[in-house]
Amino acid sequence: MTISARSPDKEPSPPKQINFAEPLVESVRVYLANELPAKQLALVPRAPSPPPPPSPPPHCHVDIVTSTAREEIKGINFEARLKRNDLNNNASRSQSDRREMPNQAELMQRQPLLARAVKTDAPQPTTDESDPDQDHSPQRAHAGDFMVEIPPGSVREERYPKEIWKTILSFFFLFLCVCVNMMSLSLVHERLPDRNTTPPLNDIVLDNIEARDWGLAVSEYMIMISTTVAMLVVIFHKHRFIVARRLFFIIGLLYLYRSVTMFVTVLPVSSTTYYCSPKSNNTTPLLVIRRMFYLISGFGLSINGKHTYCGDYIYSGHTMVLVLSYLIVAEYSPKKLWLVHWTMWGSALLGVSFVLLAHGHYTVDVVIAYYITTRLFWTFHSLLVTPHRTGNGYNHYMIQREWWYWLFTYLECNVRRPVPRRYDWPLPWPRTKLFSRLS
């Protein structure tokens with residue numbers, strides 16, 4: 001940038017009006033104020049000039065000599081402003097000098113908490129979006145988060161205790177409920193309406209399809225496969241004892257409710273071809289116990305040839321087991337196995353369809369079984385995320401009025417939350433990385 005100045009003996013010529021030059025003139029003022037503070041410059045006022053002839057729009061050039069040759073800058077007195085700035089700078093500098101320098105302890109306290117650098121070669125903890133506990137995991141770290149050092153594994157072991165004795169107690173509760181169910185069936189068999197005089201009830205599904213006896217066998221084979229998959233999910237789960245006692249408790253409740261519903265209302269046989277054992281004229285407690293163990297030894301399946309006692313209709317045990325197996329796999333297996341989830345759902349649907357095809361149950365048995373199984377399973381797991389509250393009146397939840405709530409509180413008092421979907425090998429040898437990948 002160049003600046004032209006005139007000699008004092010020459011008279012200034014009338015300047016030519018230049019448009020769009022005001023910003024440049026302002027920049028020149030600032031430049032001269034910073035570079036030459038000792039000079040007193042003044043801007044000569046411009047004389048009015050006649051309007052310029054019509055010409056193309058002028059352009060603003062950087063070269064001040066060519067664009068503002070007639071512009072006279074004599075000086076603006078910046079001395080007072082500079083002195084004022086010097087006084088302010090000296091005052092602030094003197095105040096900062098009077099301040100005490102912070103010691104090392106204060107400097108350490110003023111330092112922000114920084115996230116710990118993660119090594120690239122260090123193994124990263126595996127997480128799953130279906131893990132309900134991953135957001136609160138002490139091993140989970142993000143850029144910019146605060147890091148608090150906690151001994152690894154100590155928190156999870158305290159939050160998810162095994163409590164094997166509770167699992168054993170839940171298993172005995174399940175065994176007791178199964179025995180009650182079989183005893184109820186042995187008594188219902190004696191109250192069964194005569195097949196020769198009482199036909200099956202009217203059913204919208206059974207009346208429109210022809211009975212196929214092989215359908216019941218297919219349904220029970222599908223039950224065996226579904227229960228095996230559900231058992232594998234529980235066995236290979238990292239918190240298998242917690243999951244097992246929850247399932248023992250739920251299945252026990254379902255069998256206990258079933259023993260009541262089929263005992264209070266006895267329906268006629270839905271199939272005209274299914275074999276039923278003859279009734280006994282004298283029902284004794286010893287006979288009831290013998291029938292109970294006979295039915296338990298066959299796992300309640302007809303393909304074993306030991307389920308020959310009729311009358312257990314409301315509600316369907318086949319539907320209960322199929323639906324519950326799907327719920328277990330969907331709840332406690334990783335979402336990566338979505339194909340397995342859909343397969344279990346389709347297996348439950350087909351299994352129920354084959355039961356109806358064989359006229360093994362009325363349609364109302366299937367509907368009630370589905371409703372009770374899903375609602376009890378979902379209610380139990382909803383309580384796991386509900387905060388525990390005690391008191392009377394409106395200070396406690398209505399669900400606490402369930403007769404089994406006290407047993408639920410005892411089993412879940414030290415967990416009371418969904419367990420993360422993590423898996424490991426149940427035996428000490430051999431170890432494999434497959435389950436860590438699934439987790």
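From a predicted model like this one, the values you see are computed outputs, not experimental measurements. (Residues numbered from 1 in each chain as written. Predicted model: local features only at pLDDT ≥ 70, side-chain atom pairs only at ≥ 80, totals over all residues. Heavy atoms only, no water.)

Looking now at the side chain of T308. Along the chain, the position of T308 falls in the loop between α9 (285-297) and α10 (317-332). Assessed through its relative accessible area of 13%, T308 is described here as buried. Polar side-chain contacts of T308 include one of 2.6 Å to the side chain of S277. Beyond its immediate chain neighbours, meaning those up to four positions away, T308 contacts H189, Y275, C276, S277 and Y294. (Helix = DSSP H or I, 4+ residues; strand = E, 2+ residues; numbered from the N terminus. Buried < 20%, exposed > 50% of the residue type's maximum accessible area, 1.4 Å probe, protein only. Polar contact = N/O pair within 3.5 Å; in protein donor to acceptor, adjacent residues only side chain to side chain. Contact = heavy atoms within 4.5 Å.)

Generally speaking, soluble globular proteins have nonpolar side chains that are buried together. F249 and I328 are the most contacted members of the largest nonpolar core, which has 64 residues in total. Among the elements of the structure, α6 (164-190), α7 (214-235), α8 (240-264), α9, α10, α11 (338-357), α12 (363-383) and α13 (405-412) are those that each provide at least two residues to this core. (Core = buried A, V, L, I, M, F, W, Y, C linked by side-chain atoms within 4.5 Å.)

Under the definition given, this model contains 1 disulfide. Covalent S-S linkage joins C276 and C310, the inter-sulfur distance amounting to 1.7 Å. The chirality of the disulfide connecting C276 with C310 is left-handed, given an S-S dihedral of about -95 degrees. Of the two residues, C276 sits in the loop between α8 and α9 while C310 sits in the loop between α9 and α10, which places them 34 residues apart along the sequence. (Disulfide = S-S within 2.5 Å.)

In this numbering, the UniProt entry assigns the feature "transmembrane region" (unreviewed entry) to residues 168-188, 214-235, 247-269, 313-330, 342-362 and 368-386. As annotated, residues 214-235 comprises 100% helix and 0% strand, and the C-alpha atoms at either end are separated by 32 Å. Taken end to end, residues 247-269 is 78% helix and 0% strand, and its first and last C-alpha atoms sit 31 Å apart. (UniProt positions renumbered as here; feature names shortened; annotations may be inferred.)

Turning our attention to unusual backbone geometry. Between I314 and the following residue, Y315, the backbone shows a cis peptide bond with an omega angle of 0 degrees. Here Y315 is to be found in the loop between α9 and α10. Despite not being glycine, E163 shows a phi value in the positive range, around 50 degrees. Here E163 lies in the loop between α5 (154-159) and α6. In this structure E163 comes out as buried when scored by relative accessible area, which is 6%.

Let's shift gears to the packing of aromatic side chains. Tallying each qualifying case throughout the model produces 12 aromatic pairs. Pairing F249 with F380 gives two aromatic rings, centres 5.8 Å apart and planes at 45 degrees, and the pair type is tilted. Taken together, the positions of F249 in helix α8 and F380 in helix α12 put the pair 131 residues apart, joining distant regions of the chain. For F249, a relative accessible area of 1% corresponds to the buried category. You can call F380 buried: its relative accessible area is 2%. Both rings, one in Y405 and one in F408, keep their centres 5.8 Å apart while their planes meet at 40 degrees; by these two values the pair is tilted. With Y405 and F408 both in helix α13, this residue pair falls 3 residues apart, about one helical turn. (Phe/Tyr/Trp six-rings, centres within 6.5 Å; stacked < 30°, edge-to-face > 60°.)

This part takes up the pattern of salt bridges. The full count for this structure, using the stated rule, is 7 salt bridges. For E190, the salt bridge is made with R291, and the minimal N-O distance between the two is 2.7 Å. A residue pair is termed long-range when its members are at least 10 positions apart, and E190 in helix α6 and R291 in helix α9 qualify at 101 residues. Of the two residues examined, E190 and R291, each falls in the buried class. (Salt bridge = Lys/Arg side-chain N within 4 Å of Asp/Glu carboxyl O.)

Once that is clear, we can look at the packing of α10 against α12. Orientation of α10 relative to α12, taken along the N-to-C sense of each, is 30 degrees, at an axis distance of 9 Å. Between α10 and α12, the crossing angle belongs to the class labelled roughly parallel. Seen from above, α10 lies across α12 with right-handed handedness. Contacts between α10 and α12 involve T319, M320, V323, L324, L327, I328, E331 and Y332 from the first element and V366, A369, Y370, T373, T374, F377, W378 and H381 from the second. Along the lines of polarity and charge, the residues of the contact of α10 with α12 split into 11 nonpolar, 4 polar and 1 charged. (Axes fitted to C-alpha atoms, helices over the stretch in contact; angles between N-to-C directions. Parallel < 35°, antiparallel > 145°, perpendicular 65-115°, else oblique. Left-handed = near helix turned anticlockwise from the far one by under 90°. Nonpolar A, V, L, I, M, F, W, Y, C, P; charged D, E, K, R; others polar.)

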